[in-house]
Amino acid sequence: MTPKIRILVVDDDEVDCLSAKRALANSPLPVKFEVETASTMAKGIDKLKNGRFDVALFDLGLPDSSGLETVQGAVSAAGEIPVVVLTGLADEQTGILAIDLGATDYLVKGPAIESMLGKTLLYAI
């Protein structure tokens, strides 16, 4: 039986959500990724409180939250669920600050993310 990993992706960019779903669906890893999405911080927190997820992936630029404020809110709402931060900025300092605030890891959006996403989420768990 293939293990299932439930992932919450919080990102307001529909294309990025679809890319994440596609990358996880095509992952060579021996797990099945079940992805649920939310487009705002508020919706993401609501889903975290009402759902059962193994890991959460939060974009740093949401309509109702941005930057390190997003990290703090996500980590607080997630409790024991690992939070991986997703950013469009190749700013290592922001990634380090996100980890200092409790994120498990961070990824920079771009072509390389497709090959790294599944592994990063599994390592976070």
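Parameters at a glance
Residues numbered from 1 in each chain as written. Predicted model: local features only at pLDDT ≥ 70, side-chain atom pairs only at ≥ 80, totals over all residues. Heavy atoms only, no water. Salt bridge = Lys/Arg side-chain N within 4 Å of Asp/Glu carboxyl O. Helix = DSSP H or I, 4+ residues; strand = E, 2+ residues; numbered from the N terminus. Buried < 20%, exposed > 50% of the residue type's maximum accessible area, 1.4 Å probe, protein only. Phe/Tyr/Trp six-rings, centres within 6.5 Å; stacked < 30°, edge-to-face > 60°. Lys NZ or Arg CZ within 6 Å of the ring centre and 35° of its normal.

I keep staring at the pattern of salt bridges and nothing clicks. Help me out?
Pairing between side chains becomes possible if they bear opposite charge and their charged atoms approach one another. Applying the stated criterion to the full structure yields seven salt bridges. Of the charged contacts, one joins E34 and K4 as a salt bridge, the two residues approaching to 3.7 Å between their closest N and O atoms. With E34 in strand β2 (residues 32-38) and K4 in strand β1 (residues 4-10), this pair connects stretches of sequence that are 30 residues apart. Of the residues examined, E34 reaches a relative accessible area of 25% and is grouped as partly exposed. Here K47 makes a salt bridge to E36, at a shortest N to O gap of 3.3 Å. Here K47 is found in helix α2 (residues 41-50), whereas its partner E36 is found in strand β2, with 11 residues between them in sequence. Residue class for K47 comes out partly exposed when judged on its relative accessible area of 26%. Each member of the salt-bridge network shares a partner with another, and the members are D11, D16, D59 and K109.

What's the story with the packing of aromatic side chains in this structure? I'm lost.
For any pair of aromatic rings, the description consists of the separation of the ring centres together with the inter-plane angle of the planes. Following the criterion strictly, the structure yields zero aromatic pairs and no others. Over the ring of F53 we find R6, and its NZ or CZ is 4.9 Å from the ring centre.

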